[in-house]
Amino acid sequence: MFWSLAILAYLLGSLSFAILLSRVTGNPDPRMSGSGNAGATNMLRLAGKKLAILTLLGDLCKGLVPVLIAHLAGLSLQQQAWIGLYAVLGHLFPLYFRFRGGKGVATAAGMLLGLYPPAALLAIAAWGLTFYLTRTSSLAALIATPLTLPLLAWQEPEALLPMSVLTLLIVWRHRGNLRDLFAGRERHF
């Protein structure tokens, strides 16, 4: 059951809502325009609020649905977290789009929402506050994701290892943003 759900999660995660919505609406491929990222932030820049919100909701659901299915199937919290991580891997490296996907933040938020809602709310609040203060989406993601780890270590230690791997992946996917942040040339809203 675990491996079947992990594969399903990866395949679901591979659906890139940014790319699909861009194709349907005639907007440029987000991987070729703006920041080059297939995610909600770049969709906001390229196609406006409506498509950005639809991308965000789609990406969020990609992380949430597999975790909920794993929960309903009776898998342990750690197994649910690994399955959620497979959904994020699908978003980062989508099978259907030549393995060029987004940065995984919204899909990770959906995963967290399914695993332990207080951690998701902490991440969303940290992201929102950081974004409000800095107007920098990448910095908000880089602060919000690791901030959940102490809470998970305390309340849901079974999910800590998969979430730590997820945090490392998100930081790694933001390595270009980190360089730009340190150089003072990161994009702001």
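This is a predicted model, so every value here is computed, not measured.

1. Digging into the overall build of the protein
Okay, step 1: Each helix and strand in the protein was counted, giving 10 helices and 0 strands.
Okay, step 2: Expressed as lengths along the three principal axes of its C-alpha atoms, the size of the protein is roughly 40 × 35 × 25 Å.
Okay, step 3: Burial statistics for the protein: of 189 residues in total, 47% are counted as buried.
Okay, step 4: Long-range pairs, those at least 24 residues apart, make up 66% of the contacts in the protein with a sequence separation of at least 6.

2. Looking at the nonpolar core
Okay, step 1: Core analysis: the largest hydrophobic core is formed by 24 residues, its most contacted members being Met111, Leu112, Leu115, Met163 and Leu166.
Okay, step 2: Ranked by residues supplied to this core, first place goes to helix α5 (residues 77–92) with 5 residues.
Okay, step 3: The contact partners of Met111, leaving out residues within four places of it in the chain, are Gly63, Leu64, Val67, Ala81, Gly84, Leu85, Val88, Met163 and Leu166.

3. Observations regarding the environment of Pro94
Okay, step 1: Within the fold, Pro94 resides in the loop between α5 and α6 (105–115).
Okay, step 2: Linking Pro94 and Leu11, residues 83 residues apart in sequence, is a C-alpha distance of 7.8 Å.

4. Looking at the UniProt feature "transmembrane region" (unreviewed entry) in the protein
Okay, step 1: According to UniProt, the "transmembrane region" (unreviewed entry) feature falls on residues 50–69, 81–99 and 105–129.
Okay, step 2: In residues 50–69, helix accounts for 100% and strand for 0%; the two terminal C-alpha atoms are 28 Å from one another.
Okay, step 3: Between the end C-alpha atoms of residues 81–99 there is a gap of 22 Å, over a span that is 63% helix and 0% strand.

5. Focus on the packing of helix α2 (residues 17–25) against helix α4 (residues 49–72)
Okay, step 1: Packing of α2 against α4 brings their axes to within 9 Å, and their N-to-C directions diverge by 140°. With respect to α4, the axis of α2 lies oblique. For the element pair α2 and α4, the recorded crossing hand is right-handed. Contact residues: α2 offers Phe17, Ala18, Leu21 and Thr25, while α4 offers Leu51, Leu54, Thr55, Gly58, Asp59 and Lys62.
Okay, step 2: Here the contact of α2 with α4 is built from residues that sort into 5 nonpolar, 3 polar and 2 charged.

6. Digging into the packing of aromatic side chains
Okay, step 1: Inspection of every chain in the model, using the stated rule, returns 5 aromatic pairs.
Okay, step 2: Ring plane angle 80° and centroid distance 6.1 Å describe the contact between Trp3 and Tyr86, whose orientation is recorded as edge-to-face. Here Trp3 is found in helix α1 (residues 2–13), whereas its partner Tyr86 is found in helix α5, with 83 residues between them in sequence.
Okay, step 3: A relative accessible area of 53% means that Trp3 is categorised as exposed.
Okay, step 4: For Tyr86, a relative accessible area of 25% gives the class partly exposed.
Okay, step 5: Taken together, the ring pairs in this structure connect Phe2, Trp3 and Tyr86 into an aromatic cluster.
Okay, step 6: Positioned above the aromatic ring of Phe93, the side-chain terminus of Arg173 is 5.3 Å from the ring centre.
Okay, step 7: Sitting over the ring of Trp172, Arg175 keeps its end group 4.2 Å from the ring centre.

7. Describing the packing of helix α8 (residues 137–155) against helix α9 (residues 160–173)
Okay, step 1: Contact geometry for α8 and α9: axes closest at 10 Å, N-to-C directions at 165°. When the axes of α8 and α9 are compared, the pair comes out roughly antiparallel. Note that α8 runs across α9; the crossing there is left-handed. Packed against α8, whose contacting residues are Leu142, Thr145, Pro146, Thr148, Leu149, Leu152 and Ala153, the element α9 presents Leu160, Met163, Ser164, Thr167, Ile170 and Val171 at the interface.
Okay, step 2: Each residue belonging to the contact of α8 with α9 can be placed in one class, and the counts come to 9 nonpolar, 4 polar and no charged.

Definitions and cut-offs
Residues numbered from 1 in each chain as written. Predicted model: local features only at pLDDT ≥ 70, side-chain atom pairs only at ≥ 80, totals over all residues. Heavy atoms only, no water. Helix = DSSP H or I, 4+ residues; strand = E, 2+ residues; numbered from the N terminus. Buried < 20%, exposed > 50% of the residue type's maximum accessible area, 1.4 Å probe, protein only. Contact = heavy atoms within 4.5 Å. Core = buried A, V, L, I, M, F, W, Y, C linked by side-chain atoms within 4.5 Å. UniProt positions renumbered as here; feature names shortened; annotations may be inferred. Axes fitted to C-alpha atoms, helices over the stretch in contact; angles between N-to-C directions. Parallel < 35°, antiparallel > 145°, perpendicular 65-115°, else oblique. Left-handed = near helix turned anticlockwise from the far one by under 90°. Nonpolar A, V, L, I, M, F, W, Y, C, P; charged D, E, K, R; others polar. Phe/Tyr/Trp six-rings, centres within 6.5 Å; stacked < 30°, edge-to-face > 60°. Lys NZ or Arg CZ within 6 Å of the ring centre and 35° of its normal.

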